[in-house]
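So you can see what is in the structure, the chains are spelled out below.
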Amino acid sequence: MPPAITYDPRKHVGVHPERVSHVSSTNFPGHHPDEDHSWDLERFKKGLTVKIERLSNRSIEFDLVGVDASIANAYRRILIAEVPTICVERVYVWDNTSVVVDEVFAQRIGLVPLNVDPALMDMKQSQNDQATDRNTLVFRLQVSCERRKNAPKDTTDPNKLYINHEVLSSHLKWVPQGEQEIVLADNPPAPTNLNIVLTKLRPGQEVDMELHAVKGVGKDHAKFCPVATASYRLLPLVILNPEKPVPRELAEKFQKCFSSGVIRVDPRTKAVSVDSKKMRNETMSREVYRHPEFEGCVQLARVRDHFLFNIESEGFYPPQRLLPEAIAVMRAKIATVKRAAEMLLNNGDDLGDVAMANA
Amino acid sequence: MAETSPKIKIMAGAAPDLSAATFQIFDESHTIGNALRWMIMKNPKVEFCGYSVPHPSENLIQLRIQMYDGLSSLNALLEALTNLDAVCEAVENKYHASLATNDYERWEERS
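Here is what the cut-offs are and how they apply
Residues numbered from 1 in each chain as written. Chains lettered and ligands numbered in written order. Predicted model: local features only at pLDDT ≥ 70, side-chain atom pairs only at ≥ 80, totals over all residues. Heavy atoms only, no water. Helix = DSSP H or I, 4+ residues; strand = E, 2+ residues; numbered from the N terminus. Rg over C-alpha atoms; globule rule 2.2 N^0.38 Å. Buried < 20%, exposed > 50% of the residue type's maximum accessible area, 1.4 Å probe, protein only. Areas by Shrake-Rupley, 256 points an atom, 1.4 Å probe, with all protein chains shown as cover. Lys, Arg positive; Asp, Glu negative; His and termini not counted. Charge placed at Lys NZ, Arg CZ, Asp CG, Glu CD. Pairing = 2+ DSSP bridges. UniProt positions renumbered as here; feature names shortened; annotations may be inferred. Contact = heavy atoms within 4.5 Å. Buried area = accessible area lost by both parts, 1.4 Å probe. Salt bridge = Lys/Arg side-chain N within 4 Å of Asp/Glu carboxyl O. Polar contact = N/O pair within 3.5 Å; in protein donor to acceptor, adjacent residues only side chain to side chain. Expected span 1.5 Å × (residues − 1). Axes fitted to C-alpha atoms, helices over the stretch in contact; angles between N-to-C directions. Parallel < 35°, antiparallel > 145°, perpendicular 65-115°, else oblique. Nonpolar A, V, L, I, M, F, W, Y, C, P; charged D, E, K, R; others polar.

## Here's the deal with the overall build of chain A
Then, in step 1: Secondary structure assignment for chain A yields 7 helices and 17 strands.
Then, in step 2: Taking 2.2 N^0.38 as the reference for a compact globule, 359 residues should give roughly 21 Å; the C-alpha atoms of chain A span a radius of gyration of 29 Å, well beyond that estimate.
Then, in step 3: Taken over the C-alpha atoms alone, chain A extends approximately 80 × 80 × 40 Å along its principal axes.
Then, in step 4: Counting all 359 residues of chain A, 43% fall into the buried class.
Then, in step 5: Total accessible area on chain A is roughly 19200 Å²; 50% of this is exposed by carbon and sulfur atoms.
Then, in step 6: The average position of the 47 basic charges and that of the 48 acidic charges among the side chains of chain A differ by 6 Å.

In structure tokens:
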């Protein structure tokens with residue numbers, strides 16, 4: 001039998017009926033008199049675990065154990081806002097007689113995810129930078145709707161009555177510029193999902209536009225966000241009190257207070273135990289706290305440094321590539337700040353020369 | 001100074017030996033602010049470390065570091081940045097190792 005878990009405020013966030021306790025970590029030098037919590041890379045590496053749990057073609061779930069919340073949150077923020085992608089930014093309209101006005105149509109086109117690798121393109125330094133084949137992709141959207149000549153007389157199905165009655169994302173045609181034909185040859189730019197309806201047309205209406213796609217980040221506009229959200233939660237813990245076991249006749253009721261699979265009831269002895277693998281499915285509904293007969297039998301908690309990440313990818317990046325991209329962005333930020341700090345160091349401890357902010 | 005705005009400024013009121021200083025870091029937010037604050041606090045020679053985002057409309061953070069024994073807070077900042085980079089590298093290595101073991105459930109997600 002593995003040793004029973006007890007509630008340890010140093011490692012667990014207490015989940016009580018009406019509040020949470022011990023939320024922040026106290027592992028700093030000086031907080032606890034006889035312990036050494038100063039930074040030690042080897043000790044950190046020993047306590048660090050990264051384990052991928054599930055991987056699909058669109059999402060990934062992995063565990064990040066042993067880091068502080070600030071680091072996990074930094075990765076989450078970067079995944080949402082600072083991993084670059086490529087989206088349509090400018091729409092040059094020659095003809096738009098559809099019922100959707102130009103600017104609304106342009107906004108819809110901007111939200112269409114494209115399958116271009118952002119590493120292959122440069123980011124424009126400012127909005128008015130010259131558009132080159134290194135920083136802009138050009139697409140053409142030309143659709144016009146006509147009546148089908150030999151449609152049956154009494155249908156109302158637009159598919160049978162009209163040709164091109166819906167403008168789909170598949171109608172976006174890439175127009176290679178300059179060297180792009182060679183560089184992007186093995187993966188021609190196109191929308192990732194070809195079935196997105198952009199607008200609907202009727203005979204006589206047409207749409208003729210040129211679209212320019214650039215590289216951007218989610219901080220600038222949400223269309224550039226590479227994830228259909230990235231989030232994490234802390235590992236839930238159900239701690240049974242060995243001094244007050246659940247009464248046998250109430251074992252089934254106890255099991256129902258938790259998400260399915262979290263509590264195991266031995267069929268013969270009706271002893272209650274926690275399934276450690278399924279414990280992560282617990283949603284912390286605190287249902288067990290609502291029943292006075294279970295008072296003192298159980299303590300709900302969360303493990304403070306065990307993060308269950310769930311990242312759903314949208315657009316170009318396959319889900320397993322997203323965390324490495326986020327880590328690369330984080331390292332680039334650290335490098336920028338470090339360079340600036342080193343410049344401060346070298347420009348002298350003569351504070352007169354250092355640029356002083358007007359406080 | 002340079003034509004482009006500097007990345008870090010030391011605010012007025014810093015101690016002459018930089019044992020206590022407030023750094024203003026531009027174009028950064030809680031993402032690096034909180035992580036940097038945690039790493040600086042792991043340094044046993046740091047008396048005080050805190051950061052704030054004075055106003056959400058201005059994209060900068062202010063990071064205050066106070067040191068024991070008259071040490072330089074700029075060195076503490078540099079050391080923390082190096083350590084943060086080591087953390088990122090360690091996480092990335094363990095992630096790639098886990099990806100390579102193929103020891104996870106694969107499933108087909110229909111979109």
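On we go.
## Looking at the pairing of strand β6 (residues 137–144) of chain A
All names here are of chain A.
Then, in step 1: Direction of pairing for β6 relative to strand β12 (residues 206–216): antiparallel, over a ladder of 8 bridges. Following the sheet pairing, V143 is matched in β12 by V207.
Then, in step 2: Pairing of β6 with strand β10 (residues 172–175), which is carried by 4 bridges, proceeds in the antiparallel orientation. Paired with R140 across the strands is K173, a residue of β10.

## Quick word on the UniProt feature "domain: DNA-directed RNA polymerase RBP11-like dimerisation" (unreviewed entry) in chain B
Then, in step 1: The feature "domain: DNA-directed RNA polymerase RBP11-like dimerisation" (unreviewed entry), as given by UniProt, occupies residues 20–93 of chain B in the numbering adopted here.
Then, in step 2: For the annotated span residues 20–93 of chain B, helix accounts for 45% and strand for 30% of the residues, and the straight-line distance between the end C-alpha atoms is 36 Å.

## Overview of the environment of G261(A)
Then, in step 1: Considering the arrangement of structural elements, one finds G261(A) in the loop between α6 (251–256) and β14 (263–265).
Then, in step 2: Taking the C-alpha atoms as reference, G261(A) lies 5.9 Å from K278(A); in sequence the two are 17 residues apart.

## What to know about the interface of chain A and chain B
By a widely used convention, the size of an interface equals the accessible area lost when the partners come together.
Then, in step 1: Facing 57 residues of chain A, the contacting portion of chain B comprises 54 residues.
Then, in step 2: Taking both sides of the interface into account, the surface hidden between chain A and chain B amounts to around 5500 Å²; carbon and sulfur atoms contribute 69%.
Then, in step 3: If you look at where chain A meets chain B, you find 5 salt bridges.
Then, in step 4: Across the salt bridge formed by R331(A) and E89(B), the nearest N and O atoms sit 3.6 Å from each other.
Then, in step 5: Counting every contact that joins chain A to chain B gives 20 residue pairs in polar contact (both at pLDDT 80 or more).
Then, in step 6: Those elements that provide at least two residues to the side of chain A that touches chain B are α1 (41–47), β3 (49–56), β4 (59–65), α2 (69–81), α7 (322–346) and β17 (356–357) of chain A.
Then, in step 7: A per-element tally of the side of chain A that touches chain B places α7(A) first, with 15 residues.
Then, in step 8: The sheet contact formed by β3(A) and strand β5 (residues 105–107) of chain B spans 3 bridges and is parallel. For R54(A), the partnering residue across the bridge sits in β5(B) and is E105(B).

## Side note on α2(A)
Then, in step 1: The terminal C-alpha atoms of α2(A), which comprises 13 residues, lie 18 Å apart, in line with the 18 Å expected from a rise of 1.5 Å per residue.
Then, in step 2: Elements in contact with the buried residues of α2(A): β4, β13 (227–240), β16 (298–313) and α7 of chain A together with α1 (30–41) and α2 (73–101) of chain B.

## A closer look at the packing of α2(A) against α7(A)
All names here are of chain A.
Then, in step 1: Across the interface, α2 lies against α7 with an axial gap of 9 Å and an inter-helix angle of 105°. The angle between α2 and α7 falls in the class roughly perpendicular. Facing α2, whose interface residues are A74, Y75, I78 and L79, α7 presents L322, L323, A326, I327, V329, M330 and K333.
Then, in step 2: A breakdown of the residues in the contact of α2 with α7 according to their chemical character gives 10 nonpolar, no polar and 1 charged.

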